[in-house]
Amino acid sequence: MAVFGGANLGSVSFSSHLLNQHSCFLSCPLKLLPSSSNRTSLLCVVKSFSGSVTAGTDTSSDQSLLRDDAGPPRMSTDWKLAKAYCKSGDTFEGEVEGFNGGGLLIRFHSLVGFLPYPQLTPSRSCKEPQKSIHEIAKTLVGSILPLKVVQADEENKKLILSEKLALWPKYSQNVNVGDVFTGRVGSVEDYGAFIHLRFDDGLYHLTGLVHVSEVSWDYVQDVRDVLRDGDEVRVIVTNIDKEKSRITLSIKQLEDDPLLETLDKVILKDSSSGSPSLSSNNGDTIDPLPGLETILEELLQEDGIEAVRINRQGFEKRVVSQDLQLWLSNTPPSEGKFVLLARAGRQVQEIHLTTSLDQQGIKKALQRVLERVP
């Protein structure tokens with residue numbers, strides 16, 4: 001494993017109005033401007049996803065970010081090496097020479113690469129959560145980090161690095177689908193939450209995603225209503241994509257699905273009466289949920305379905321979806337009887353089928369019906 005080091009930057013800073021903390025990166029290598037003194041004047045080209053801006057910044061250090069012998073041929077050779085690392089996926093160890101609003105500056109031969117803060121291993125921020133990312137970055141100057149090249153674009157002078165991906169093989173080999181972790185919420189997005197996974201050594205080495213649909217059995221309109229940065233949660237691993245270095249997680253799958261075999265398990269008991277809010281069809285007609293009547297009529301047209309009857313209904317204390325949902329019982333047909341559950345909002349109806357079909361046959365029949373019903 002190669003170790004790349006270089007001259008210390010001394011004090012390197014950029015004007016705050018020229019940098020966006022979350023979406024900027026440093027184009028490398030830096031260009032040297034002529035100077036009448038021994039001090040080196042540096043021109044730093046800073047780009048963001050929304051545009052580009054050029055800032056001339058003087059340093060008081062006598063040492064250049066580029067090595068004395070680093071000319072165009074040397075740089076071209078080093079870009080070829082960076083591209084080779086990017087293609088092979090090999091890791092290297094690089095020295096942190098400085099930082100800016102968006103990430104760390106890392107030595108790579110005559111080039112200076114950029115490591116965005118989100119590409120740091122989560123153990124760094126989770127170990128000292130009271131510190132800001134810039135305080136953490138300051139402590140890392142001079143450190144040697146394991147790194148992987150994510151992007152090596154010589155034309156646009158972009159050399160993007162990742163510590164997180166460099167450590168992925170080491171820790172992901174100990175993670176399997178079905179494993180349960182204690183995790184810490186790293187960030188919350190519209191589509192879900194990123195969870196840092198705590199390992200046996202007490203450190204958070206990997207990050208996974210809990211999609212919004214896997215946060216709770218309850219209907220979640222905004223993940224931020226349920227999870228916040230820093231929250232501790234228990235998660236189960238549902239998928240591992242080694243090619244893309246991604247882990248998919250679930251919170252709700254560690255809880256019982258409220259839609260189980262019967263309404264006795266679906267309806268939460270009323271704490272005052274101790275009994276579920278159920279009503280049975282004892283000769284009285286239960287009006288089907290909107291859209292359900294057409295589905296039941298079509299089911300009767302299927303071979304093997306002899307009778308359909310709404311047996312009971314109830315009202316839950318939770319709302320999973322306002323749309324009509326149909327659920328198959330986990331219990332196989334017994335003596336020609338089978339149970340379906342229909343649900344919309346807080347209302348749930350238990351439907352009894354008289355059928356000669358097995359569970360798979362009922363599922364296929366219901367799928368055909370749903371294809372016919374608009």
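Residues numbered from 1 in each chain as written. Predicted model: local features only at pLDDT ≥ 70, side-chain atom pairs only at ≥ 80, totals over all residues. Heavy atoms only, no water.

A. Spotlight on the overall build of the protein chain. The helix and strand inventory of the protein chain stands at seven helices and 20 strands. Looking at the 374 residues of the protein chain, the share that counts as buried comes to 43%. Within the protein chain, contacts between residues separated by at least 24 positions form 62% of all contacts whose residues are at least 6 apart in sequence. For the protein chain, the exposed area adds up to about 19,900 Å²; of that, 46% sits on carbon and sulfur atoms. (Helix = DSSP H or I, 4+ residues; strand = E, 2+ residues; numbered from the N terminus. Buried < 20%, exposed > 50% of the residue type's maximum accessible area, 1.4 Å probe, protein only. Contact = heavy atoms within 4.5 Å. Areas by Shrake-Rupley, 256 points an atom, 1.4 Å probe, with all protein chains shown as cover.)

B. Spatial organisation of unusual backbone geometry. Its identity as a non-glycine residue notwithstanding, His109 has a phi of 55 degrees, on the positive side. The backbone phi angle of Glu335 is positive, close to 55 degrees, even though this residue is not glycine. Exposure remark for Glu335: the relative accessible area of 79% places this residue in the exposed category.

C. Expanded view of the nonpolar core. Counting residues in hydrophobic clusters, the biggest one holds 25 residues, and the most contacted among them are Val175, Ile195, Leu197, Leu227, Val235, Ile247 and Leu249. Elements that contribute at least two residues to this core include exactly α4 (163-172), β11 (180-189), β12 (192-198), β13 (204-211), β14 (232-241) and β15 (246-250). Per-element accounting of this core gives the leading share, four residues, to β14. The contacts of Leu227, once residues within four sequence positions are left out, are Val185, Val188, Ala193, Val215, Val233 and Ile251. (Core = buried A, V, L, I, M, F, W, Y, C linked by side-chain atoms within 4.5 Å.)

D. Up close: the packing of aromatic side chains. Scanning all chains against the criterion turns up six aromatic pairs. Taking 6.2 Å as the distance between ring centres and 90 degrees as the angle between the ring planes, the aromatic pair formed by Tyr191 and Phe194 counts as edge-to-face. Residue Tyr191 is classed as partly exposed on the basis of its relative accessible area of 41%. On the basis of relative accessibility, which here comes to 27%, the residue Phe194 falls in the partly exposed class. Three or more aromatic residues joined by ring pairs form one cluster here, namely Tyr85, Phe92 and Phe108. (Phe/Tyr/Trp six-rings, centres within 6.5 Å; stacked < 30°, edge-to-face > 60°.)

E. Main features of the pattern of salt bridges. Applying the stated rule across the entire model yields 11 salt bridges. Residues Arg107 and Glu97 are paired through a salt bridge, measuring 3.1 Å at the closest nitrogen-oxygen approach. Here the residue Arg107 occupies a position in strand β7 (residues 103-108), and Glu97 occupies one in strand β6 (residues 91-99), the gap between them amounting to 10 residues. Owing to a relative accessible area of 2%, Glu97 belongs among the buried residues under this scheme. Note that Arg372 is salt-bridged to Glu298, the shortest N-O span being 3.0 Å. Of this pair, Arg372 sits in helix α7 (residues 359-372) while Glu298 sits in helix α6 (residues 292-299), and the two are 74 residues apart along the sequence. Residue Glu298 is classed as partly exposed on the basis of its relative accessible area, which comes to 26%. (Salt bridge = Lys/Arg side-chain N within 4 Å of Asp/Glu carboxyl O.)

F. Representation of α6. Every buried residue of α6 is accounted for by Leu292, Ile295, Leu296 and Leu299. Seen from one end, α6 has its buried residues packed into an arc of 95 degrees, which puts them on one side. The elements touched by buried residues of α6 are β17 (305-315), β18 (325-328), β19 (337-344), β20 (347-355) and α7. (Arc of directions from axis to C-beta.)

G. Region of interest: helix α3 (residues 133-140). Where α3 is concerned, the buried positions are Ile136, Ala137 and Leu140. Angularly, the buried residues of α3 cover 100 degrees about the axis, an arc narrow enough to put them on a single face. Among the structural elements, β6, β7 and α2 (122-127) are those in contact with the buried residues of α3. Positive backbone phi, at 95 degrees, marks Gly142, one or two positions downstream of α3.

H. A look at the environment of Gly103. Within the element layout of this structure, Gly103 appears in strand β7. Here the alpha-carbon distance between Gly103 and Phe114, two residues 11 residues apart in the chain, equals 6.6 Å. Sequence-distant contacts of Gly103, defined by excluding residues within four places in its chain, comprise Phe114, Leu115, Pro116 and Tyr117.

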